[in-house]
Amino acid sequence: MIDSSGFPDFVWSIGEEGSDPFVMRLGERYRQDQFAASDHYDHMEADLATIAALGVEVVRYGTPWRLAEPAPGVYDWTLWDRALDACDAAGLEPVVEFLHFGLPDHFPGFIDGAWVDGFVRYVSAFLERYPGPRWFTPVNEPGITARLSARFGVWNDMIATPEGHAQALANIVQANLEAMALVHADRDGWWVGSEGFDIPVAVTDSAEAAGDVERIRTLGWLVWDLHFGHEPGVPNYFDTVDAAQLARIRSLAQHDQLVAGLDIYPISVTAVGGDRPDWSIRELIDFSVAEIERWHDRYDQPFWIAETSNLTLPLDQQVLWLNEFSDGLARLRADGRPARGLCWYSRGDQFDWQTALIEPTGAVTEVGLFDTERVARPVAARFKELANEGPPH
């Protein structure tokens, strides 16, 4: 059973994929909806029971904000009622997520800060209605949300400028921190995060490649600098953001009752300065472990692997990826690094993630413990074994 005093020393967790950003399809804005694509709306109770049957006690879960707030200030708690009742029935404690890449239709995007106040009101209403949840990922992958919406320009705002990215990132981090301030004022809650984790690897010995690695790293870590109150690693990056907003973010910086989320997939490891070598899974995990150590040296915060799967690797390598990652976490823990869990993401297969959702064809992304017919793959049995064994060792 989960201890009621705080987040466990280590958890084996599973997530339910619920991304819903806007992308473009045939020249028009199109709402991705992973819950609809996977038929999760119709199988919610059974899907959560299936997760629990693997020996899991903690589930990463959120329902789309746009469905909970179909009009400004008008809340429909139907899905949340179902989901939290289903978690209770299955014996699952949720890490509650409020925003997974998509805003309600009445907000234009992440750069326009009007949505932040709306988000705060939504979180406040949730906390008033549901006294039980104590672990929260208010915004899933704040850095990735800002990157794809306002730096790469392929989601939501579809803006690709440094100024747009800086403003979107500041807004998203502020929203995340404002939500956690509400949680802490209301209950003994924890921020259990989730964030994309770049692992740049120089494949040549050139000074240029080394510089590019550092540039990629510091740009990717801006999201952590803001959350933890560090001086941003990229000087002057937020010069176009209002000073009062940056001061508010600094005042909300998180320092305790948190487990930072590092989302690591095979594709997270990128080659810098040349073509990507045919790295083995052990090499990919070794690169990941080394980058986690660098991150922990800078921020000195506990962490968990909030998302992982075989994404970009074939299905027959799912079990090997899981085993090697478990071994990597065991090494980190033996070295005194506070690795607090691993979440396989996700229970079932996903859709269109081969192209980061930007080509909405409904193509299956085969990363689930279960396939689209909800049939277990071999990795599900191995995950259950690891969950029953306890922390990696």
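Because the structure is a prediction, the values reported are computed rather than measured.

### Let's talk about the side chain of serine 194
Phase 1: Within the fold, serine 194 resides in the loop between β7 (190-192) and β8 (199-202).
Phase 2: Within the structure, serine 194 has its side chain in polar contact with the side chain of asparagine 140 (distance 3.0 Å).
Phase 3: Excluding residues that lie within four positions of it along the chain, serine 194 makes contacts with Arg60, Thr137, Val139, Asn140, Glu141, Pro142, Gly261, Asp263, Ala306 and Glu307.

### Regarding the nonpolar core
Phase 1: Membership of the largest hydrophobic core comes to 102 residues, with the highest contact counts inside it found for Trp80, Trp115, Phe119, Phe126, Trp224 and Trp295.
Phase 2: For this core, the element with the highest residue contribution is helix α7 (residues 162-186), accounting for 11 residues.
Phase 3: In terms of nonpolar packing, the next biggest core, distinct from the first, is built from 15 residues, Trp135, Tyr265, Trp304 and Cys343 among them.

### Focus on the sheet that holds β7
Phase 1: Taken together, eight strands build a closed barrel; the order of strands is β1-β4-β5-β6-β7-β9-β11-β12 and the barrel is parallel. Within the sheet, the average angular offset between the axes of one strand and its neighbour, ignoring direction, is 25°.
Phase 2: The pairing of strand β6 (residues 135-139) with β7 spans two bridges and is classified as parallel. Bridged to tryptophan 135 within β7 is tryptophan 190.
Phase 3: Running over the sheet, helix α4 (residues 78-90) touches β4 (58-62) and β5 (93-99) and is turned about 160° from β5.
Phase 4: The strands that α7 touches are β6 and β7; relative to β6, the one it contacts most, it runs at about 150°.

### Some remarks on the packing of aromatic side chains
Phase 1: Counting across every chain of the model gives 37 aromatic pairs.
Phase 2: Between tryptophan 65 and tyrosine 122, the ring centres sit 5.6 Å apart and the planes meet at 5°, which makes this aromatic pair stacked. One end of the pair, tryptophan 65, is in helix α3 (residues 65-68); the other, tyrosine 122, is in helix α5 (residues 114-129), with 57 residues separating them in the sequence.
Phase 3: Taking the centre distance of 6.1 Å and the plane angle of 25° together, the rings of tyrosine 75 and tyrosine 122 count as stacked. Of this pair, tyrosine 75 sits in the loop between α3 and α4 while tyrosine 122 sits in helix α5, placing them 47 residues apart in sequence.
Phase 4: Note on tyrosine 122: relative accessible area 0%, which makes it buried.

### Comments concerning the packing of α5 against α7
Pairs of packed helices are described in terms of their axes, by the angle between the two and the distance that separates them.
Phase 1: Between α5 and α7, whose axes approach to 9 Å, the crossing angle comes to 25°. Compared by their axis directions, α5 and α7 come out roughly parallel. For the pair α5 and α7, the crossing hand works out as right-handed. Taking contact as the criterion, the partners of Trp115, Val116, Phe119, Val120, Val123, Ser124 and Leu127 in α5 are, on α7, Asn171, Ile172, Gln174, Ala175, Glu178, Ala179, Leu182, Val183 and Asp186.

### Quick look at the pairing of β5
Phase 1: Counting buried residues in β5 gives seven out of seven residues, a clear majority hidden from the surface.
Phase 2: Pairing between β4 and β5: five bridges, direction parallel. Considered in β5, the bridge of arginine 60 is made with valine 95.
Phase 3: As judged from the four bridges shared by β5 and β6, these two strands associate in the parallel manner. Residue valine 95 lies in a different strand from β6, and its bridge partner there is tryptophan 135.
Phase 4: Regarding topology, α5 serves as the crossover connection from β5 to the parallel β6, and that connection is right-handed.

### Observations concerning the pattern of salt bridges
Phase 1: Inspection of the entire model under this criterion finds 27 salt bridges.
Phase 2: One network of salt bridges, in which partners are shared, links Asp20, Arg31, Asp33, Arg66 and Asp105.

Definitions and cut-offs
Residues numbered from 1 in each chain as written. Predicted model: local features only at pLDDT ≥ 70, side-chain atom pairs only at ≥ 80, totals over all residues. Heavy atoms only, no water. Helix = DSSP H or I, 4+ residues; strand = E, 2+ residues; numbered from the N terminus. Polar contact = N/O pair within 3.5 Å; in protein donor to acceptor, adjacent residues only side chain to side chain. Contact = heavy atoms within 4.5 Å. Core = buried A, V, L, I, M, F, W, Y, C linked by side-chain atoms within 4.5 Å. Buried < 20%, exposed > 50% of the residue type's maximum accessible area, 1.4 Å probe, protein only. Pairing = 2+ DSSP bridges. Axes fitted to C-alpha atoms, helices over the stretch in contact; angles between N-to-C directions. Phe/Tyr/Trp six-rings, centres within 6.5 Å; stacked < 30°, edge-to-face > 60°. Parallel < 35°, antiparallel > 145°, perpendicular 65-115°, else oblique. Left-handed = near helix turned anticlockwise from the far one by under 90°. Right-handed = clockwise from strand over helix to strand, strands pointing away. Salt bridge = Lys/Arg side-chain N within 4 Å of Asp/Glu carboxyl O.

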